[in-house]
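Survey of secondary and tertiary structure
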Amino acid sequence: MKVILRQWREEDLEPFAALNCDPEVMRYFPAPLTREQSEAFARRQIHLIATRGWGLWVVEADGAFAGFAGLSVPSFEAPFMPCVEIGWRLARPFWGRSIGFEAARQAVEQAFGRIGLDELVSFTATVNLRSRRLMERLGFAHDPAGDFLHPKIPADHELCRHVLYRKRRTARG
């Protein structure tokens, strides 16, 4: 299967909104996104990719919109800041087919290659084992000292506890 990262298009907005209101896709987020929130998210990424050359790109798998993967600057304060985070979100039909791994691998290549970053972080709710396995498959190492309570999630919420993973650029990239 051919997996590419690319800039967003108008025709991506509808499947992106569907992805963001799928309760299983959004299981490890505080709430699904509305159509308006999804569109605003995509338009922010369009702008960031156009102006700085990177962001959360569309993942296209054999010509179909599969979700997004890429790089972002977290929008909250934490002890491990400043940083650039790698992240992804795929529609359910694309799960379990190594599409997320391939897309994230391409984002890592961009980060350590063309963009020239020295380190990436990734984090998720402690209970999100699927994302944690993908982080480990990508070569990220869990940094237990960096685990944190997400400041945008209520402290008594099951998703508040987050794990932090790190990956440093090597001589080979």
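Everything that follows concerns the structure shown earlier in this document.
Attention here is on the structure that accompanies the text. (Residues numbered from 1 in each chain as written. Predicted model: local features only at pLDDT ≥ 70, side-chain atom pairs only at ≥ 80, totals over all residues. Heavy atoms only, no water.)

1. A word on the nonpolar core
The line we're drawing: Buried Ala, Val, Leu, Ile, Met, Phe, Trp, Tyr and Cys residues form a nonpolar core when they are joined through side-chain atoms within 4.5 Å. Throughout this description, buried means an accessible area under 20% of the type-specific maximum (1.4 Å probe, protein chains only), exposed means over 50%, and partly exposed covers the range between. Helix and strand definitions here come from DSSP, where helices need a minimum of 4 consecutive H or I residues and strands a minimum of 2 consecutive E residues; each element is numbered from the N-terminal end. In this analysis, two residues are considered to be in contact whenever any of their non-hydrogen atoms come within 4.5 Å of each other.
Grouped together as the largest cluster of nonpolar side chains are 44 residues, with contacts concentrated most on V59, L71, I86 and L120. Considering every element that reaches this core, the biggest residue donor is helix α3 (residues 99–112), with 8 residues. Not counting residues within four places of it along the chain, the set of residues in contact with L71 comprises R52, W54, G55, L56, W57, V84, E85, I86, A107, A111, I115 and L120. With 9 residues, the next largest nonpolar core counts F76, A78, F148 and L164 among its residues.

2. A word on helix α1 (residues 13–20)
Just so we agree on the cut-off: Read the arc as the range of directions from the helix axis to the C-beta atoms.
Along α1, the residues that are buried comprise L13, F16, A17, L19 and N20. For α1, the arc enclosing every buried residue in end-on projection is 160°, short of the 170-degree limit, so these residues lie on one face.

3. Brief notes about the environment of A61
Residue position: A61 is located in strand β2 (residues 56–61). The buried category is assigned to A61, whose relative accessible area is 3%. Taking the C-alpha atoms as reference points, A61 and C83, 22 residues apart in sequence, are found 28 Å from one another. Beyond its immediate chain neighbours, meaning those up to four positions away, A61 contacts M1, K2, A66, F94 and I99.

Everything listed here is a matter of geometry and, on its own, says nothing about what the molecule does.
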